[in-house]
Amino acid sequence: MAEITITSDNFESEVEKSTLPVLVDFWATWCGPCKMMAPIVAEIAEEFDGKVKVGKCDVDDNEELAQRFGIMSIPTFILFKNGKQDKIIVGGRSKEDLVSFIS
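Residues numbered from 1 in each chain as written. Predicted model: local features only at pLDDT ≥ 70, side-chain atom pairs only at ≥ 80, totals over all residues. Heavy atoms only, no water.

K.L.:
Would you explain the packing of helix H2 (residues 32–47) against helix H4 (residues 95–102) in this entry?
P.N.:
A pair of packed helices is captured by two measures, namely the crossing angle of their axes and the spacing between those axes. The interhelical angle for the contact between H2 and H4, taken along N-to-C directions, is 45°, at an axis separation of 10 Å. In terms of their interaxial angle, H2 and H4 are classed as oblique. Once H2 is placed against H4, the crossing between them reads as right-handed. Taking contact as the criterion, the partners of Met37, Ile40, Val41, Glu43, Ile44 and Glu47 in H2 are, on H4, Lys95, Leu98, Val99 and Ile102. Taken together, the residues of the contact of H2 with H4 break down into seven nonpolar, no polar and three charged. (Axes fitted to C-alpha atoms, helices over the stretch in contact; angles between N-to-C directions. Helix = DSSP H or I, 4+ residues; strand = E, 2+ residues; numbered from the N terminus. Parallel < 35°, antiparallel > 145°, perpendicular 65-115°, else oblique. Left-handed = near helix turned anticlockwise from the far one by under 90°. Contact = heavy atoms within 4.5 Å. Nonpolar A, V, L, I, M, F, W, Y, C, P; charged D, E, K, R; others polar.)

Given below as structure tokens:
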């Protein structure tokens with residue numbers, strides 16, 4: 001399954017009410033490291049299909065979500081479990097780092 005787009009409108013249904021853990025990539029179109037992470041995030045979405053939901057949230061389009069979770073630099077990855085923030089990492093990472101972060 002491809003990544004889903006997370007917005008203020010669908011955050012509750014896609015993240016807070018998800019039965020699966022949800023990895024949310026907070027990013028922006030102008031962010032170089034975010035662009036470098038995009039193919040890695042896409043691979044993880046495919047490999048963890050059915051185990052972890054992967055979403056992308058554009059911080060420019062969803063400023064209230066970025067503020068709510070204190071996003072100061074991007075990319076920021078937050079793992080939600082049972083609708084609650086579980087873990088957070090900031091910055092470009094290797095695929096291995098992201099996989100171990102999820103696991």
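Additional details are given in the paragraphs that follow.
K.L.:
Please clarify how the pattern of salt bridges should be interpreted in this entry.
P.N.:
Oppositely charged side chains can form a pair if their charged atoms are brought close together. This model, assessed by the stated rule, comprises seven salt bridges. As a salt-bridge pair, Glu16 and Arg68 come within 2.5 Å of each other at their nearest N and O atoms. You can see Glu16 sitting in helix H1 (residues 11–16) and its partner Arg68 sitting in helix H3 (residues 63–68), a full 52 residues away along the chain. Across the pair Lys95 and Glu43 runs a salt bridge, and its minimum N-O distance is 2.8 Å. Of this pair, Lys95 sits in helix H4 while Glu43 sits in helix H2, placing them 52 residues apart in sequence. Judged by its relative accessible area of 36%, Glu43 falls in the partly exposed class. Residues joined in a network through salt bridges with shared partners are Glu43, Glu47 and Lys95. (Salt bridge = Lys/Arg side-chain N within 4 Å of Asp/Glu carboxyl O. Buried < 20%, exposed > 50% of the residue type's maximum accessible area, 1.4 Å probe, protein only.)

K.L.:
What exactly am I supposed to notice about the nonpolar core here?
P.N.:
One recurring pattern in soluble globular proteins: nonpolar side chains tend to sit buried together. By size, the foremost hydrophobic cluster in this structure holds 19 residues, and its most contacted members are Ile6, Val24, Phe26, Phe69, Ile71 and Phe80. Secondary-structure elements contributing two or more residues to this core are H1, strand S2 (22–27), H3 and strand S4 (76–81). Sorting elements by how many residues they give to this core places S2 first, with three residues. Of all hydrophobic cores here, the second largest spans 15 residues; its members include Ile40, Val41, Ala45 and Leu98. (Core = buried A, V, L, I, M, F, W, Y, C linked by side-chain atoms within 4.5 Å.)

K.L.:
I would appreciate a short explanation of H2 in the present structure.
P.N.:
In an α-helix, one full turn covers 3.6 residues, which means residues spaced three or four apart are oriented alike. In a regular helix each residue adds 1.5 Å, so 16 residues correspond to 22 Å; H2 covers 24 Å between its end C-alpha atoms and thus fits that length. The axis of H2 is deflected most strongly, by about 35°, at Ala38, and proline Pro39 appears within four residues downstream. Looking at H2, one finds that the buried residues are Cys34, Met37, Ile40, Val41, Ile44 and Ala45. As for H2, its buried residues are in contact with S2, strand S3 (53–58), S4 and H4. (Expected span 1.5 Å × (residues − 1). Bend = angle between axes of the 7 residues up to and from the residue.)

K.L.:
Would you explain H4 in this entry?
P.N.:
Within H4, burial applies to Leu98, Phe101 and Ile102. Down the axis of H4, the sector holding all buried residues measures 95°, keeping them to one side. Taken together, the buried residues of H4 touch S2, H2, S4 and strand S5 (84–90). (Arc of directions from axis to C-beta.)

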